[in-house]
Amino acid sequence: MALTGLQIQKLLPKTNCKECGSNTCLAFAMKLSAKKADLSECPYASDEAKQVLGAASEPPVKGIALGDKGQVKLGEETVLFRHEKTFVNQTALAVNINDTDAPAGIDQALTTIKDYMLVRVGQELRLDMVAVTQKGADPAAFVALATKAWQTAARPLVLRSSDPKALAAAADAVKGSRSLICCPTPAAAPDLAAVAKENNHALAITAPDLDQLAALADFLKQGGFNDLVLQFQTHSLAEQFQTGSIARRAALQDSCKATGYPTVRFIESDDLLDVVAEAVTEINKYGGILVLPAFDAALLASLMTLRLNIYTDPQKPIQVEPKVYPIGEPGPDSPVFVTTNFSLTYFIVSGEIENSGISAWLLVPECEGLSVLTAWAAGKFSGATIGKFAKEIDLDGQVTSRQIIIPGYVAQISGELEESMPGWKVLVGPQEAGDLESFIKTRLATAG
Ligand code: SF4
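Thresholds, definitions, all that
Residues numbered from 1 in each chain as written. Predicted model: local features only at pLDDT ≥ 70, side-chain atom pairs only at ≥ 80, totals over all residues. Heavy atoms only, no water. Helix = DSSP H or I, 4+ residues; strand = E, 2+ residues; numbered from the N terminus. Buried < 20%, exposed > 50% of the residue type's maximum accessible area, 1.4 Å probe, protein only. Contact = heavy atoms within 4.5 Å. Areas by Shrake-Rupley, 256 points an atom, 1.4 Å probe, with all protein chains shown as cover. Lys, Arg positive; Asp, Glu negative; His and termini not counted. Charge placed at Lys NZ, Arg CZ, Asp CG, Glu CD. Near = heavy atom within 4 Å. 1 Å grid on protein atoms, 1.4 Å probe; cavity = no way out; pocket = protein on both sides within 12 Å on 5 of 7 lines; lining within 4 Å. Sits in = over half its atoms within 2 Å of the grid points. Nonpolar A, V, L, I, M, F, W, Y, C, P; charged D, E, K, R; others polar. Salt bridge = Lys/Arg side-chain N within 4 Å of Asp/Glu carboxyl O. Core = buried A, V, L, I, M, F, W, Y, C linked by side-chain atoms within 4.5 Å. Domains from an automatic or database assignment. Expected span 1.5 Å × (residues − 1). Polar contact = N/O pair within 3.5 Å; in protein donor to acceptor, adjacent residues only side chain to side chain. Pairing = 2+ DSSP bridges. Axes fitted to C-alpha atoms, helices over the stretch in contact; angles between N-to-C directions. Phe/Tyr/Trp six-rings, centres within 6.5 Å; stacked < 30°, edge-to-face > 60°. Lys NZ or Arg CZ within 6 Å of the ring centre and 35° of its normal.

A description of the overall build of the protein chain should follow, citing residues and the corresponding values.
On a plain count of helices and strands, the protein chain comes out with 17 helices and 17 strands. Split into buried and exposed, the 448 residues of the protein chain put 47% on the buried side. When contacts within the protein chain are restricted to residue pairs at least 6 apart in sequence, long-range pairs at least 24 apart make up 63% of them. Looking at the protein chain as shown, the accessible area adds up to about 21,000 Å², and 53% of this sits on carbon and sulfur atoms. For the protein chain, the distance from the average position of its 39 positive side-chain charges to the average position of its 51 negative side-chain charges is 6 Å.

In structure tokens form, the structure reads like this:
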């Protein structure tokens, strides 16, 4: 929980020596409380102050990094609702394989998981982890599969078995992968925490209800192991949703450290609609790691897009660099289109121009990542601003074409743009990017 200025002042030396740049310790404490200063600026801060303030500044949901390079980040969340600020670390998506699956199917699944990539608004979206489940009776087969999964898919693993000894052997075999061991029972947690610590893995713990789970987390933390992930024992989607929300609320609003950990959820259903409902709920509401029962490209495309939307900082629109982009292989006399630097707009417009089969230039001025109509309404996509940007990048010197196509939604800027770009002819394009191809093939071909 954040400390007030007065609470912080009690931890400071109260000598008002001014070495931190503030006139008094109280003034410095107020800055610390508002997160406008750092305790290291006070050379006389006690160890107690460092400890208390350090703990107070930790995010309510503990951050955990998995993977040999710490590439899968979990937790560190600070708000209940995305619109309050932003969600920080997106739900990690994993696909499950069983040690009883056919060898050919396993090989194919691991290669597919490794190679899967979806490009969306210029970002490469991939699967984060592989879950390996022991269903057979042979621990050696489970360990061999875990080793193979790590080597082939090059992803951290989610190791699941009802046999703690098999989990310990697998954890040792994939040491260095910084994976997640899923502890099957509360009783096995202390021993598996020791295994996780020794092999630098994280541990998912479970218990019949949230109170017992929180008590177990607290117990393990007191014992010196805190790289924990929570696995709720719930029996319906509604219960899962409710338990996850209670845990997150307790961590954020009641400073309950024992529920402030990322979560893991396995989807077991074979019914696609059930899988979709569970997966969407987890991505929307606080899921840390979500394990899908099998690889499904169509499902993943939807989930990846949803995840991107939920975990994009609403205060920072995804944007592309303002400049003139070549689409295809344009020459100096190729036509020039203009749109804003909102990534989604840019990729849709550039894709439609590409689909039309022509080469062109796409002028993208600085619009703070806003879409066409929003940028126009905010005065950031006007004839004057586009003309000014064209001048700044010396568009006249880069192309001999003097034809620029503006989005149909901002037809009203055409006069102002012609005034700002002397010698240029402004054509009003279609309102929707989807109509660009027919516009290019009809209007543009005949425009003089
Ligand atoms: Fe107080 Fe430390 Fe600032 Fe000196 S440097 S005024 S002791 S807070």
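Picking up after the structure, the text goes on.
Break down the site of the ligand for me, citing the residues and quoting the values.
The environment of the ligand is formed by Pro-13, Thr-15, Asn-16, Cys-17, Lys-18, Glu-19, Cys-20, Cys-25, Phe-28, Cys-42 and Pro-43. Mapping the ligand onto the cavity grids shows that it belongs to the largest cavity. Across the shell around the ligand, the residue classes break down as 7 nonpolar, 2 polar and 2 charged.

Lay out the pattern of salt bridges with the relevant residues and their values.
Opposite charge on two side chains makes pairing possible when the charged atoms of those side chains draw close. With the rule as written, the count across this model stands at 11 salt bridges. In this structure, Arg-265 engages Glu-278 in a salt bridge whose closest nitrogen and oxygen atoms are separated by 2.8 Å. Note that Arg-265 is positioned in strand β11 (residues 264-266) and Glu-278 in helix α10 (residues 272-284), a separation of 13 residues in sequence. Across the pair, exposure class does not vary: Arg-265 and Glu-278 are buried alike. Among the charged side chains, a network of salt bridges with common partners joins Lys-62, Arg-178 and Asp-227.

Let's hear about the nonpolar core: which residues, and what values?
Ile-97, Val-130, Val-132, Leu-159, Leu-203, Ile-205 and Leu-292 are the most contacted members of the largest nonpolar core, which has 68 residues in total. Ranked by the residues each element gives to this core, the list is headed by helix α11 (residues 297-311), at 7 residues. Those residues in contact with Ile-97 that lie beyond four places of it in its chain are Ile-106, Ala-109, Leu-110, Val-130, Ala-131, Val-132, Thr-133, Leu-145 and Ala-149. Residues Cys-367, Phe-389, Val-410 and Trp-424 belong to the second largest nonpolar core, which totals 22 residues.

So, the domain arrangement of the protein chain: which residues are in play, and what are the values?
The domains assigned to the protein chain are domain 1 (5-56), domain 2 (64-310) and domain 3 (323-447). Of note, the centres of domain 2 and domain 3, computed from C-alpha atoms alone, are 45 Å apart.

I'd like to hear about unusual backbone geometry, residue by residue, with values.
Despite not being glycine, Ala-154 has its phi angle at roughly 50°, a positive value. Following the sequence through the fold, Ala-154 ends up in the loop between α5 (139-153) and β7 (157-160).

Give a detailed account of α10, specifying residues and quantitative values.
For α10, built from 13 residues, the straight-helix expectation of 18 Å at 1.5 Å per residue is met to within 8% by its first-to-last C-alpha distance of 18 Å. Taken together, the buried positions of α10 are Val-275, Glu-278, Ala-279, Thr-281, Glu-282 and Ile-283. Taken together, the buried residues of α10 touch β3 (92-98), α9 (237-253), β11, β12 (289-292) and α11. Capping the start of α10 is the job of one residue whose side-chain oxygen sits 2.8 Å from the backbone nitrogen of Leu-273: Asp-271. One or two steps after α10, the chain reaches Tyr-286, where phi turns positive at roughly 75°.

Hey, could you go over the sheet that holds β12 for me, with residue numbers and the actual values?
In spatial order, the strands read β10-β9-β8-β7-β6-β3-β12-β11; together these 8 strands make up an open sheet with parallel pairing. Pairing within the sheet leaves two strands with one partner each, and these edge strands are β10 (228-232) and β11. Along the sheet, successive strands turn relative to each other by an average axial angle of 25°, direction set aside. Contacts from helix α4 (residues 103-115) reach β3 and β6 (129-133), with the element oriented near 170° to β3. Here α5 sits on the sheet in contact with β3, β6 and β7, set at roughly 170° to β6.

Summarise the pairing of β3; cite the residues concerned and give the values.
When you tally the buried positions in β3, you get 7 out of 7 residues, the bulk of the element. Residues Ala-92, Ala-94, Asn-96 and Asn-98 point to one face of β3 and Leu-93, Val-95 and Ile-97 to the other, with burial holding for every one of them. With 4 bridges connecting them, β3 and β12 associate as parallel partners. What sits directly across from Val-95, in β12, is Leu-292.

Give a detailed account of the packing of aromatic side chains, specifying residues and quantitative values.
Evaluated as defined, the whole model comprises 5 aromatic pairs. Taking 6.3 Å as the distance between ring centres and 70° as the angle between the ring planes, the aromatic pair formed by Phe-87 and Tyr-286 counts as edge-to-face. Here Phe-87, found in the loop between β2 (72-74) and β3, pairs with Tyr-286, found in the loop between α10 and β12; they are 199 residues apart in sequence, far enough to count as distant. Residue Phe-87 shares its accessibility class with Tyr-286, and that shared class is buried. With 5.0 Å between their ring centres and 80° between their planes, Tyr-346 and Phe-347 make a pair best called edge-to-face. On the accessibility criterion, Tyr-346 (9% relative accessible area) is buried. One aromatic cluster is present, formed by Phe-87, Tyr-286 and Tyr-311 through successive ring pairs. The side chain of Arg-160 reaches across the aromatic face of Phe-266, ending 3.8 Å from its centre.

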